[in-house]
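Each chain, letter by letter, is given below.
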Amino acid sequence: MASTARHREDHTPADRRNASITRRTLIGAGTSTAVLAVVSAGPARAAGSAARVAATGDARTRGYAFLDAAMDGYPDHGTIRLAQSYTDQAGLFSTAFTYDNALTVLAYLACPGRDARARAVALGDALLYAQTHDPQYADGRLRQAYNVGPYVFYDGSSQPDGFVRADGTVNVGTQFGFTGTAVGDMAWAGIALIALAGRTGDARFLEGAVRIGEWVENNARTDEPLGGYKFGVDGSNKKLPFTATEHNIDLTCLFGRLARLTGKRIWLERRARAEAFVHRMWDTSGGFFYTGTNDGTTINTSAVPEDTQTWSYLSLRERRHAGSLDWAAAHLKVLDNADRPNSTVPAGQSYEGVTFSSASLLANEDAPIAPSQPKPDRNGVWFEGTAHLALALRERRAPGDERAAARLIASIEQAQDHLGPGQAVGGRALPERSGVVSASSPLDTGFGFGYYPYRHTGATAWYLLAAARANPLR
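As a starting point, this report considers the structure included with it. Bear in mind the structure is a predicted one, so any value in this text is a computation, not a measurement.

**Looking at the pattern of salt bridges**
Then, number 1: Overall, the coordinates contain 27 salt bridges when judged by the stated rule.
Then, number 2: Between Arg204 and Asp125 there is a salt bridge whose closest N-O contact spans 2.8 Å. Pair noted here: Arg204 is in helix α6 (residues 203-220) and Asp125 is in helix α4 (residues 114-132), with a separation of 79 residues, a long-range link.
Then, number 3: Take Arg204: its relative accessible area is 33%, and that puts it in the partly exposed class.

**Regarding the sheet that holds strand β12 (residues 299-300)**
Backbone-to-backbone hydrogen bonds join strands into a sheet, with any given pair of strands oriented parallel or antiparallel.
Then, number 1: An order of β8-β11-β12 is seen for the 3 strands of this open sheet, with the pairing classed as antiparallel. The strands lining the two open edges of the sheet, one partner per strand, are β8 (243-244) and β12.
Then, number 2: Here β8 runs beside strand β11 (residues 292-293); their pairing, made up of 2 bridges, is antiparallel. Paired with Thr243 across the two strands is Thr293, which belongs to β11.

**What about the packing of helix α9 (residues 307-316) against helix α10 (residues 323-331)?**
Then, number 1: Where α9 contacts α10, the axes come no closer than 8 Å and their chain directions differ by 150°. Viewed along their axes, α9 and α10 adopt a mutual orientation that is roughly antiparallel. Crossing of α9 over α10 shows left-handed handedness. Where α9 approaches α10, its residues Gln309, Thr310, Ser312 and Tyr313 are matched on the opposing element by Ser324, Leu325, Trp327 and Ala328.
Then, number 2: In terms of residue class, the contact of α9 with α10 is built from 4 nonpolar, 4 polar and no charged.

**A word on the packing of aromatic side chains**
Then, number 1: Evaluation of the coordinates by the stated rule reveals 30 aromatic pairs.
Then, number 2: When the centroid spacing of 5.1 Å and the interplanar angle of 65° are considered together, the rings of Trp188 and Trp311 count as edge-to-face. With a gap of 123 residues between them, Trp188 in helix α5 (residues 183-200) and Trp311 in helix α9 connect regions that are remote in the sequence.
Then, number 3: Connected via pairs of aromatic rings, a cluster forms that spans Tyr86, Phe93, Phe97, Tyr151, Phe153, Tyr154, Phe176 and Phe178.
Then, number 4: Residue placement shows Arg141 over the ring face of Tyr137; its charged tip is 3.6 Å from the ring centre.
Then, number 5: The ring of Trp267 has Arg270 sitting right over it, with the charged end atom 4.6 Å from the ring centre.

**Here we look at empty space enclosed by the protein**
Then, number 1: Inspection of the entire model under this criterion finds 2 cavities of 30 Å³ or more.
Then, number 2: Estimates place the volume of the second largest cavity at around 30 Å³.
Then, number 3: Of the residues that constitute the lining of the second largest cavity, the class distribution is 4 nonpolar, 2 polar and 1 charged.

**Topic: the nonpolar core**
Then, number 1: The biggest cluster of nonpolar side chains holds 113 residues, and the ones touching the most others in it are Trp188 and Trp462.
Then, number 2: No other element matches the 11 residues that α5 contributes to this core.
Then, number 3: Residues Ala90, Phe97, Ala145 and Phe176 belong to the second largest nonpolar core, which totals 21 residues.

The rules behind the values
- Residues numbered from 1 in each chain as written.
- Predicted model: local features only at pLDDT ≥ 70, side-chain atom pairs only at ≥ 80, totals over all residues.
- Heavy atoms only, no water.
- Salt bridge = Lys/Arg side-chain N within 4 Å of Asp/Glu carboxyl O.
- Helix = DSSP H or I, 4+ residues; strand = E, 2+ residues; numbered from the N terminus.
- Buried < 20%, exposed > 50% of the residue type's maximum accessible area, 1.4 Å probe, protein only.
- Pairing = 2+ DSSP bridges.
- Axes fitted to C-alpha atoms, helices over the stretch in contact; angles between N-to-C directions.
- Parallel < 35°, antiparallel > 145°, perpendicular 65-115°, else oblique.
- Left-handed = near helix turned anticlockwise from the far one by under 90°.
- Contact = heavy atoms within 4.5 Å.
- Nonpolar A, V, L, I, M, F, W, Y, C, P; charged D, E, K, R; others polar.
- Phe/Tyr/Trp six-rings, centres within 6.5 Å; stacked < 30°, edge-to-face > 60°.
- Lys NZ or Arg CZ within 6 Å of the ring centre and 35° of its normal.
- 1 Å grid on protein atoms, 1.4 Å probe; cavity = no way out; pocket = protein on both sides within 12 Å on 5 of 7 lines; lining within 4 Å.
- Points joined across faces, edges and corners; volume = space filled by probe spheres on them.
- Core = buried A, V, L, I, M, F, W, Y, C linked by side-chain atoms within 4.5 Å.

Following this line, the structure appears as structure tokens:
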């Protein structure tokens, strides 16, 4: 496993009775009713419902309509809820990734209006509830993902609960093995809680963020030669051996904000430790950040991801490393259209943006990403990363940056208009032209999993942040 395998996309066996089933193989499982047996969840929530938004609304309004629908997918299963990350067609059922929900909080806070703020608070309270009602631990951790509604799993077993089980504990995503705790997930949740603390003045959100920071310090700090903070723990609470540049970037933001809001200098020391690791990953000759380390001693140079280039600038704003944005724009640039052999883009359309990593550009287009999955398109656009880049270019403001960012945002908005039609959350059709798919065509990340054209809260939230010029890491 690479050192920066996506923190919200574990590959632990989903079912101990079928160890070959993983998140990677299920994300593109298709829409067969024999496979995707989602239990009906009753009538849609009336207040703030996505149904109130006309399909002709502007792109940002339709983006929020999708987030509303993802949050309101299971109205018969309690008011304490998280948003389902992907549409039902992705085959992950009611999975709600912690990372995606943190981003959704931040996107709602970037939207004016009392309804958006109320939704952000509700999701923040759900993250706090997960902290204090874990079925096993009381140390402030959050799991990689949770179930938020009922479904019938692939083996025929029923998962009948919502986010909160009858005994009051949260519904950890055991079916897919999403039971571990990653530093990146924790950091983004902490960033979202701190944003809520600043917006509302409620101490409970800052207290939850402090618990997250302390968990990271107690469970991930390392004295290995390259330093920094390691990846986290797996579902059995075993510490994972690798250290991700991305995670340490996230921590520079989390720890810096904790220092400012608590007034305690210890958080500045911790921030400096994370930042020092990020700087060690800089390749001076290439002008980019490496992915991290697998052993704490040797830098992993095998594949270079997009997010370390953009998030480093969004968090640190260092002019000496601002060229990482140019590296991403030039070396990860892709153009997807229907003429490509494995593209799933409709005829007559094309999409520009960036892909996930340098390894994505070398994917084997003659073989599926995983068994029973489609073959990848080397030019598949990763819309979440495309939004990262657009926002970072808007922050940098070098000559040509605004024009380049506008083109990227236009490509994302075109994707919202045309890609992923006919998809649903909780068995309910989405408002038309709402939500951004994770990728324009099947995309091999090069880190053991793929992205597919399913509407996604994470991609949509990053689009909304980029469109609003709202940097969540500053």
